[in-house]
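The primary structure of each chain is shown beneath.
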Amino acid sequence: EILDYLAPYLALGQCIGRWGNFFNGEAHGTETDCFLRMGIIEDGKYIQVHPTFLYESICTLLIFIFLFVRRNKRRYNGELTYWYFFLYGIARAIIEGFRTDSLMLGPLRVSQILSIALSAVFGSLLLYKGIKLKNSKKNGAQEGAKEATEIEGDVQDDAKIDDAQVSKEKDE
């Protein structure tokens, strides 16, 4: 429950914190002519690169908004935490593809592999909990209908007993 409370604000903190990469001139992406490029001087040469700090800042701001809106609509403890790790993992896996300062493992960056794994684990948890919750509500509705039928039957039996007692009293 505490992690669910903190998850939106963690995303907001990351949104703000990524701007430190901009001010430090680090964690930028590959050279590009994309309209969202930024100019830096690297090894004495001016180049235009992907502002990956900006991409991540925007993504984590969107994650914050999503989690903040859902905070009062969560269906179970841990839901917001699961959403945070799932969404952040997806965003990070994509953004890391633009970075130049990452450790590589074959064709992928190690951080991309970890982010994909993170999203897979927490996406699976979201699916599992969602299906489990849906089934428990479905079973609960069936049990509720069964109880309602039993109560209705009891009420009808009580009404028959009352009618029988009234008839008996009239006969006496």
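Scroll up to find the structure.
(A) Representation of the overall build of the protein within the structure. Looking only at helices and strands, the protein features five helices and four strands. Put simply, the protein has 172 residues, and 30% of those count as buried. Of the contacts formed within the protein by residues at least 6 apart in sequence, a portion of 57% connects residues at least 24 apart. Carbon and sulfur atoms form 62% of the exposed surface of the protein, whose accessible area is close to 11500 Å².

(B) Layout of a nonpolar patch on the surface. Taken together, Ile 2, Leu 3, Tyr 5, Leu 6 and Tyr 9 make up a surface patch of nonpolar side chains, about 570 Å² in accessible area. Its location among the elements puts Leu 6 in helix α1 (residues 2-17).

(C) View of the environment of Phe 66. Within the element layout of this structure, Phe 66 appears in helix α3 (residues 52-70). Look at Phe 66 and you get partly exposed, because its relative accessible area is 29%. Residues Phe 66 and Trp 83, spaced 17 residues apart in sequence, show a C-alpha to C-alpha distance of 9.2 Å.

(D) Region of the structure containing the pattern of salt bridges. Under the definition given, this model contains eight salt bridges. Among the salt bridges present, the one from Glu 1 reaches Arg 74, with a minimum N-O distance of 3.9 Å. Residue Glu 1 is located in the segment before α1, and its partner Arg 74 is located in the loop between α3 and α4 (79-96); the two are separated by 73 residues in the primary sequence.

(E) Structural context of the nonpolar core. By size, the foremost hydrophobic cluster in this structure holds eight residues: Ala 7, Ala 11, Ile 63, Phe 64, Leu 67, Leu 80, Tyr 84 and Tyr 88. Of all elements in the fold, only α1, α3 and α4 reach the threshold of two or more residues within this core. Apart from the residues lying within four places of it in its own chain, the contact partners of Leu 80 are Asp 4, Ala 7, Leu 67, Arg 70, Arg 71 and Arg 74.

(F) Representation of the side chain of Ser 57. For Ser 57, the position within the fold is in helix α3. By relative accessible area, Ser 57 is classed as buried at 5%. Apart from residues no more than four positions distant in its own chain, Ser 57 is found in contact with Cys 15, Arg 18 and Trp 19.

(G) Representation of the environment of Phe 35 within the structure. Along the chain, the position of Phe 35 falls in the loop between α2 (19-24) and β1 (38-42). Sequence separation between Phe 35 and His 50 is 15 residues, and the spatial gap between their C-alpha atoms is 9.3 Å.

(H) Quick peek at the packing of α1 against α4. Direction vectors running N to C along α1 and α4 enclose 30 degrees, while the axes themselves pass 7 Å from each other. Taken together, the axes of α1 and α4 lie roughly parallel to each other. The handedness of the crossing between α1 and α4 comes out as left-handed. Residues Leu 3, Asp 4, Ala 7, Leu 10, Ala 11 and Gln 14 of α1 form the contact with α4, whose participating residues are Glu 79, Leu 80, Thr 81, Tyr 84 and Tyr 88. Across the contact of α1 with α4, the residue classes tally to seven nonpolar, two polar and two charged.

Cut-offs and rules
- Residues numbered from 1 in each chain as written.
- Predicted model: local features only at pLDDT ≥ 70, side-chain atom pairs only at ≥ 80, totals over all residues.
- Heavy atoms only, no water.
- Helix = DSSP H or I, 4+ residues; strand = E, 2+ residues; numbered from the N terminus.
- Buried < 20%, exposed > 50% of the residue type's maximum accessible area, 1.4 Å probe, protein only.
- Contact = heavy atoms within 4.5 Å.
- Areas by Shrake-Rupley, 256 points an atom, 1.4 Å probe, with all protein chains shown as cover.
- Patch = residues over 30% accessible without salt bridge, like charges linked within 9 Å, V, L, I, M, F, W, Y side chains within 5 Å.
- Salt bridge = Lys/Arg side-chain N within 4 Å of Asp/Glu carboxyl O.
- Core = buried A, V, L, I, M, F, W, Y, C linked by side-chain atoms within 4.5 Å.
- Axes fitted to C-alpha atoms, helices over the stretch in contact; angles between N-to-C directions.
- Parallel < 35°, antiparallel > 145°, perpendicular 65-115°, else oblique.
- Left-handed = near helix turned anticlockwise from the far one by under 90°.
- Nonpolar A, V, L, I, M, F, W, Y, C, P; charged D, E, K, R; others polar.

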